[in-house]
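What follows is the residue order along each chain.
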Amino acid sequence: MPTGPNPVAARLDAYWTAARMTAALPADAAKGSETGPALSPAVDGPRPGEYIPPSRSFDGIPQAGTFFWTDAQGTGRTCSGSVVRGPGRDLVLSAGHCLKGYSGTAPQRRLAFVPQYHDGVKPYGVFPVGANSVYVPQQYYDLGEHAGAAYDFGFAVTEPNQDGTSLQDAVGGVRLLTGTGYDHAPVRMIGYPAGAEKPLECWSRTTRWPSDDPADPGTFPRIACDAFVGGTSGGPMLVPRRDGWAVIGVIGGYHTGGNTAQVSYSAYFGSATRALYDAATTGAPPAGPGAVRG
């Protein structure tokens, strides 16, 4: 095994010993949600005296990106996502509250994924989400954003870009990890704030957060990172592995990702996440509003 310095650990240490106070962007209560803010118990956010690691703007990584939507009135940008390895080489992971409005065979808005978008540049092109290719758990449709917070994750299956290249062939992918617990360090979180031309990244750690809010039941990974506002929903929480990055969560879940810019959450990635991944990679019919479970 190598005995030299670990660059990931060194970088995390640099973040944790950086300046303790950083300016936060204005908070957006529902990070990436298009249905408006949630009510917020006071404990959703930093604890007294808690250190909030700073975020920084950067040009991104190929395996993370943002979504663009198009309808009869024009186009816009929404939420964040990451490319997950799969046999079809075409899979994007995001939050359920980001994707559910684009499900079905005839959504009002069409969705496309742009990896490593920054400064108006689309270095790998645009990857349209296929027709009826949005996978969100049936429980999330049935229970809604808050009662179903534990199921706030989803996958979008993309089509090739304008050059005919599949998404994973263009940018690679991260490995999906499920059933690995709540405590992870170091964790690299990436997200695209609404209106910003570059993504943010932050190094921190995740811990276990049992919900205090009966409206959003469950137990969630929690992470402190500054300036993660609306638009960052669906952004990946990444951990280093020998074969590259792996994803253990996405911004969402409890209060659709958190009601402050300093603390974010994820639905726990367990058996339901793995089952949804299996459905998306085998071409099973997606769930949807009013669908009947088998």
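Located above this text is the structure these notes cover.
What counts, and at which threshold
Residues numbered from 1 in each chain as written. Predicted model: local features only at pLDDT ≥ 70, side-chain atom pairs only at ≥ 80, totals over all residues. Heavy atoms only, no water. Helix = DSSP H or I, 4+ residues; strand = E, 2+ residues; numbered from the N terminus. Buried < 20%, exposed > 50% of the residue type's maximum accessible area, 1.4 Å probe, protein only. Contact = heavy atoms within 4.5 Å. Areas by Shrake-Rupley, 256 points an atom, 1.4 Å probe, with all protein chains shown as cover. Salt bridge = Lys/Arg side-chain N within 4 Å of Asp/Glu carboxyl O. Phe/Tyr/Trp six-rings, centres within 6.5 Å; stacked < 30°, edge-to-face > 60°. Lys NZ or Arg CZ within 6 Å of the ring centre and 35° of its normal. Core = buried A, V, L, I, M, F, W, Y, C linked by side-chain atoms within 4.5 Å. Pairing = 2+ DSSP bridges. Axes fitted to C-alpha atoms, helices over the stretch in contact; angles between N-to-C directions. Disulfide = S-S within 2.5 Å. Polar contact = N/O pair within 3.5 Å; in protein donor to acceptor, adjacent residues only side chain to side chain.

1. Focus: the overall build of the protein chain
Part 1 of the reasoning: In terms of regular secondary structure, the protein chain is built from five helices and 14 strands.
Part 2 of the reasoning: Split into buried and exposed, the 294 residues of the protein chain put 54% on the buried side.
Part 3 of the reasoning: For the protein chain, the proportion of contacts with a sequence separation of at least 24, taken over those separated by at least 6, is 74%.
Part 4 of the reasoning: Working note: accessible area of the protein chain is about 12,100 Å², and carbon and sulfur atoms make up 55% of it.

2. Examining the pattern of salt bridges
Part 1 of the reasoning: Evaluation of the coordinates by the stated rule reveals nine salt bridges.
Part 2 of the reasoning: Overlapping salt bridges bring together Arg56, Arg188 and Glu201 as one network.

3. A closer look at unusual backbone geometry
Part 1 of the reasoning: That bond from Ala185 to Pro186 is cis: its omega, -5°, falls within 30 degrees of zero.
Part 2 of the reasoning: Among the structural elements, Pro186 can be located in strand β9 (residues 184-191).

4. As for the packing of aromatic side chains
Part 1 of the reasoning: In total, this model carries ten aromatic pairs according to the counting rule given.
Part 2 of the reasoning: Pairing Trp209 with Tyr254 gives two aromatic rings, centres 6.0 Å apart and planes at 65°, and the pair type is edge-to-face. Residue Trp209 is found in strand β10 (residues 200-210), and its partner Tyr254 is found in the loop between β13 (244-250) and β14 (263-265); the two are separated by 45 residues along the sequence. For the pair formed by Trp209 and Tyr254, the shared burial category is buried.
Part 3 of the reasoning: Through a chain of ring-to-ring contacts, three or more aromatic side chains come together here, namely Trp209, Phe220, Tyr254 and Tyr265.
Part 4 of the reasoning: Of note, Arg109 hangs over the ring of Trp69, and the distance from its end group to the ring centre comes to 3.7 Å.
Part 5 of the reasoning: A cation sits over an aromatic face here: Arg208 above Tyr182, 5.9 Å from the ring centre.

5. Things to note about the nonpolar core
Part 1 of the reasoning: One finds Leu93, Phe155, Leu176 and Val247 to be the most contacted residues of the largest nonpolar core, which totals 44 residues.
Part 2 of the reasoning: Beyond its immediate sequence surroundings of up to four residues, Leu93 is in contact with Ser80, Gly81, Ser82, Val84, Gly154, Phe155, Leu176, Gly234, Val247, Val250 and Phe269.

6. So, the sheet that holds strand β2 (residues 64-71)
Part 1 of the reasoning: Around the barrel, which closes on itself, the six strands sit in the order β2-β3-β4-β7-β6-β5 with antiparallel pairing between neighbours. Averaged over all neighbouring strand pairs, the angle between strand axes comes to 45°, with direction disregarded.
Part 2 of the reasoning: Pairing analysis gives three bridges linking strand β6 (residues 127-135) to strand β7 (residues 154-158), with the strands arranged antiparallel. Bridge assignment links Val129 to a residue of β7, and that residue is Thr158.
Part 3 of the reasoning: Contacting β3 (74-84), β4 (91-94), β6 and β7, helix α5 (residues 271-282) runs over the sheet at an angle of about 15° to β7.

7. Overview of helix α3 (residues 138-147)
Part 1 of the reasoning: Of all the positions in α3, only Gln138, Tyr140, Tyr141, Gly144 and Glu145 are classed as buried.
Part 2 of the reasoning: The elements touched by buried residues of α3 are α2 (96-99).

8. Considering the state of the cysteines
Part 1 of the reasoning: Scanning the model with the defined rule gives two disulfides in all.
Part 2 of the reasoning: The connectivity of the disulfides in the protein chain is 1-2, 3-4, where the numbers refer to bonded cysteines in sequence order.

9. Structural notes on the side chain of Ser266
Part 1 of the reasoning: Examined against the element boundaries, Ser266 turns out to sit in the loop between β14 and α5.
Part 2 of the reasoning: Within the local environment of Ser266, its side chain forms a polar contact with the backbone nitrogen of Val250, the two atoms lying 3.0 Å apart.

10. Let's talk about the pairing of β3
Part 1 of the reasoning: Among the eleven residues in β3, eight count as buried, and that is most of the element.
Part 2 of the reasoning: Sheet topology places β2 next to β3; eight bridges connect them, and they run antiparallel. For Trp69, the partnering residue across the bridge sits in β3 and is Gly76.
Part 3 of the reasoning: Taken together, β2 and the strand that follows it, β3, pair antiparallel across an intervening segment of two residues.
Part 4 of the reasoning: Across three bridges, β3 lies against β4 in antiparallel orientation. Looking at β4, one finds that Val84 is bridged to Leu91.
Part 5 of the reasoning: Linking β3 to β4, which pair antiparallel, is a turn of six residues; within it Arg89 sits at a positive phi near 60°.

11. Quick word on the environment of Trp245
Part 1 of the reasoning: Tracing the backbone shows Trp245 in strand β13.
Part 2 of the reasoning: Judged by its relative accessible area of 19%, Trp245 is buried.
Part 3 of the reasoning: Spatially, the C-alpha atoms of Trp245 and Leu176 are 9.2 Å apart, while their sequence positions differ by 69 residues.

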